[in-house]
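For reference, the chains in residue letters:
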Amino acid sequence: MLILRGITCLRSLENRLVPVLRLQSTPFSSSKVMAKPKGGEQEDLKPVKFTQSGAYRMNPEYATAIKPQGDKQPLYQSIMVPFSVIVFMIYFFILREENDMDDMILGTSLFDRVEGLEKTQIEVCIAHYEKNGLDTRDLKERLAELQAIEEAEDARIKAEEEAAEAAEAAKQAELAA
């Protein structure tokens, strides 16, 4: 009994699919293509205007093998997408507690984390301001401060290196004695 029902369902499905899969076109024949044109067929060799051809009058649904079902979206989609975004925002903006990563990311300036970035950025800004005729006094003052800090850091590192070399020389002298 179930087999008979399955067969009848397939037949009804087949009856519904067959009109969709039929294309309104003429069968292809190589004999027309390969045959040499006769006196009355000279007109067929001329270009055909699209608006005068059969393709112009053809329904676009027949151009594809499967009939498009349209852009059907689920009814709940218009509710679920804004709901999901709202839940996401509530969690990240209200409920979530700050942690060590947030302090690490937001606690310091990018200029503090990347060595030499502030100096490079100020030099680029000065060039841009001078090109556009803007005031660069504040930027030049900050650049001078950064260069003074950099020189002081270089002097401190050099003094530490000299102290370390002197300590090493003193150890070598003790070992030699």
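Please refer to the structure higher up on the page.
Quick caveat, the model's predicted, so the values are computed rather than measured. Once a new chain begins, its residue numbering starts again from 1 and follows that chain's sequence as written. Given that the model is predicted, a residue must reach a pLDDT of at least 70 before its local features are reported, and side-chain atom pairs must reach 80 or more before they are shown or counted; all residues, however, enter totals for whole chains, interfaces and linings. Side-chain measures were taken over the full set of non-hydrogen atoms in the model, leaving aside hydrogen atoms and water.

### Remarks on helix α7 (residues 117-132)
Quick reminder: α-helices carry 3.6 residues per turn. Residues three or four places apart thus point the same way. As a reminder, the rule being used: Under the DSSP-based scheme used, a helix requires at least four consecutive residues in state H or I and a strand at least two consecutive residues in state E, with every element numbered from the N terminus. Here a helix's expected span is defined as the number of its residues, less one, multiplied by 1.5 Å. For every residue, the accessible area (1.4 Å probe, protein chains only) is compared with the maximum for its type, and the residue is labelled buried under 20%, exposed over 50%, or partly exposed between those bounds. The arc in question is the one traced by the directions running from the helix axis out to the C-beta atoms. In this analysis, two residues are considered to be in contact whenever any of their non-hydrogen atoms come within 4.5 Å of each other.
Over its 16 residues, α7 runs 23 Å from end to end, which matches the ideal 22 Å to within 8%, given 1.5 Å per residue. Burial in α7 covers these residues: Glu-118, Ile-122 and Ile-126. Mapping the buried residues of α7 onto a view down its axis gives an arc of 75 degrees, with all of them on the same face. On the buried face of α7, the contacting elements are α6 (110-113) and α8 (137-176). In the segment just after α7, Gly-133 is the residue with positive phi, at about 75 degrees.

### Focus: the nonpolar core
Filter applied, for reference: We call a set of buried Ala, Val, Leu, Ile, Met, Phe, Trp, Tyr and Cys residues a nonpolar core when their side-chain atoms join them within 4.5 Å.
Membership of the largest hydrophobic core is limited to 5 residues, which are Ile-122, Ile-126, Leu-139, Leu-143 and Leu-146. Elements supplying a minimum of two residues to this core: α7 and α8. Considering each element in turn, this core owes the most residues, 3 residues, to α8. Here Leu-143 is in contact with Lys-119, Ile-122, Glu-123 and Ile-126, once residues within four sequence places are set aside.

### Details of the pattern of salt bridges
As a reminder, the rule being used: Any carboxyl oxygen of Asp or Glu that lies within 4 Å of a side-chain nitrogen of Lys or Arg is treated as forming a salt bridge with it.
Summed over all chains, the structure comprises 8 salt bridges. Where Arg-137 meets Asp-135, a salt bridge forms, and the shortest distance between an N and an O atom there is 3.1 Å. Between Glu-153 and Arg-156 there is a salt bridge; the shortest N-O distance is 2.3 Å. Separated by 3 residues within a single helix, Glu-153 and Arg-156 lie in helix α8, roughly one turn from each other. Here the salt bridges do not stand alone but share partners, grouping Glu-118, Arg-142 and Glu-145 into one network.

### Description of the packing of aromatic side chains
Note the threshold: Any two rings among Phe, Tyr and Trp, with Trp reduced to its six-membered ring, count as a pair given centres within 6.5 Å; such a pair is stacked if its planes are under 30 degrees apart, edge-to-face if over 60, and tilted if neither.
This structure, assessed with the given rule, holds 3 aromatic pairs. Relative to Tyr-56, the ring of Phe-50 has its centre 5.7 Å away and its plane inclined at 85 degrees; by these criteria the two rings are edge-to-face. Classification of Phe-50 by relative accessible area gives exposed; the value is 53%. For Tyr-56, a relative accessible area of 48% corresponds to the partly exposed category. Taking the centre distance of 4.7 Å and the plane angle of 50 degrees together, the rings of Phe-88 and Phe-92 count as tilted. Here Phe-88 pairs with Phe-92, and both are found in helix α4 (residues 77-95), just 4 residues apart, close to one helical turn.

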